[in-house]
Amino acid sequence: MTGIDLHCHSTASDGTFTPAELVRAGAAAGLDVMAITDHDTTGGWDEAAAARPAGLRLVRGAELSCRWHGAEPAIPLHLLAYLFDPAEPVLAGELVRLREDREQRAEKIVGKLRADGVPISWDEVSGYAAGGSVGRPHIAQALIRAGLVRTTTEAFASAWLGARYFVPKSDLDVFDAVRAVREAGGVAVFAHPRATVRGRVVPDELIAELARAGLFGLEADHEDHTPAERAQVRALADRLGLVVTGSSDFHGTHKAVQLGAFTTDPEAYEKIVSAAAGVPVLG
Ligand code: AMP
Ligand code: FE
Ligand code: FE
Ligand code: ZN
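Residues numbered from 1 in each chain as written. Chains lettered and ligands numbered in written order. Predicted model: local features only at pLDDT ≥ 70, side-chain atom pairs only at ≥ 80, totals over all residues. Heavy atoms only, no water.

Draft legend 1. Looking closely at the pairing of strand 3 (residues 57-68). With eleven of twelve residues buried, strand 3 is to be regarded as a mostly interior element. Relative to strand 3, strand 2 (residues 33-39) runs parallel, the two being bridged by seven bridges. If you follow His39 over to strand 3, its bridge partner there is Glu63. Looking at chain direction, strand 3 and strand 4 (residues 75-82) are connected through eight bridges and run antiparallel. Looking at strand 4, one finds that Glu63 is bridged to Leu80. (Buried < 20%, exposed > 50% of the residue type's maximum accessible area, 1.4 Å probe, protein only. Helix = DSSP H or I, 4+ residues; strand = E, 2+ residues; numbered from the N terminus. Pairing = 2+ DSSP bridges.)

See the structure below:
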């Protein structure tokens, strides 16, 4: 078993493949194991499970929008949560709150754009999100439709969603997130922890503290890490006794990266599965 991709998005958040299309594409790409990890939602789990092709193992998860308050201003970060019980009330409540916050924030961004005469509307943007977690890629889609930018990447430039029309999300304190994932029987892995291309990153000391609080792994192999950053993450994981993962962070046509572009070693995958007690791997 070799093809293990533990970080993929569907239309339940800001991916462009439906959960059913995602699992079929995973099997077609030759993956043995795939995780569905939409931003702040388990909304794609049932459809992905129902459409799972025989031979593909499905890890149900989510990518949680978190924040570390030890810096000023607080640093946003993403935590991958695997195999947690979606009915556990604390984590489920936080997911609802995060999605509501995403909606309010997206409406504010649309309001700022409209105030400057940009011809898009909240109806249009929420239509693109189609009931899933709303994200800036959905606003980018409206900007593309309005002819103001050509690509999602252009829409994230500082003249648009990157800075001028940026509104922060409120997010979940990262220590509360690790605790909530564990209490729901899940396993927490820090997504792209050294991705300086995305902005500020947290210090090693914070990652050490998170490891003591129950963080299980670090995502090392990711397109947003340089080879040097991947090596740094591996060394840190070794030092802290954390597992190392690799994954595509597939978003369909919102990003160029393909399924299975980065993968996780079977040993690390088996450790994650053994540590989880919320829901089983399917398949
Ligand atoms: P949000 O979660 O609403 O803050 O939006 C962040 C999401 O936008 C990320 O999960 C990526 O899917 C996407 N994204 C971030 N930066 C870029 C970029 N430069 N180009 C394309 N997509 C991006
Ligand atoms: Fe995303
Ligand atoms: Fe992420
Ligand atoms: Zn992601």
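Draft legend 2. The arrangement of the coordination of the iron ion (ligand 2) in detail. Around the iron ion (ligand 2), the protein contributes the donor atoms Asp14 (OD), Asp14 (OD), His39 (NE2) and His251 (NE2), at 2.1 to 2.7 Å from the metal centre. Around the iron ion (ligand 2) sit six donor atoms; with metal-centred angles ranging over 51 to 160 degrees, the donor geometry is irregular. In this structure, the iron ion (ligand 2) is positioned 5.8 Å from the iron ion (ligand 3). Of this pair, Asp14 sits in the loop between strand 1 (4-5) and helix 1 (19-28) while His251 sits in the loop between strand 8 (243-246) and helix 10 (266-275), placing them 237 residues apart in sequence. (Donors = N, O, S within 2.8 Å, 3.2 Å for Na, K, Ca; no water. Tetrahedral: all angles 85-135°; square planar, octahedral: opposite > 155°, others 65-115°.)

Draft legend 3. View of helix 8 (residues 204-212). Three or more residues of helix 8 are buried, namely Leu206, Ile207, Ala208 and Leu210. In this fold, the buried residues of helix 8 make contact with strand 3, helix 7 (174-183), strand 6 (187-190), strand 7 (217-221) and helix 9 (227-240). Positive phi appears at Gly214, one or two residues downstream of helix 8, with a value of about 115 degrees. (Contact = heavy atoms within 4.5 Å.)

Draft legend 4. How the structure looks around the coordination of the zinc ion (ligand 4). For the zinc ion (ligand 4), the full set of protein donor atoms is His7 (NE2), His9 (NE2), Glu63 (OE) and Asp249 (OD), at a range of 2.1 to 2.3 Å. Metal-centred angles of 79 to 172 degrees between the four donor atoms at the zinc ion (ligand 4) mark the site as irregular. Between the donor residues of the zinc ion (ligand 4), the gaps in sequence give the motif H-x1-H-x53-E-x185-D. Separating the zinc ion (ligand 4) and the iron ion (ligand 2) is a distance of 4.7 Å. Taken together, the positions of His9 in the loop between strand 1 and helix 1 and Glu63 in strand 3 put the pair 54 residues apart, joining distant regions of the chain. When its relative accessible area of 0% is taken as the criterion, His9 is described as buried.

Draft legend 5. Inspection of the side chain of Ser65 at higher detail. Relative to the elements of secondary structure, Ser65 occurs in strand 3. A polar atom in the side chain of Ser65 sits 2.7 Å from the side chain of Asp40. A polar atom in the side chain of Ser65 sits 3.3 Å from the side chain of Arg102. The residues touching Ser65, leaving out its near neighbours within four places in the chain, are Asp40, Leu77, His78, Leu98, Arg102, Lys169, Asp171 and Leu172. (Polar contact = N/O pair within 3.5 Å; in protein donor to acceptor, adjacent residues only side chain to side chain.)

Worth remembering: the numbers are spatial, not functional.
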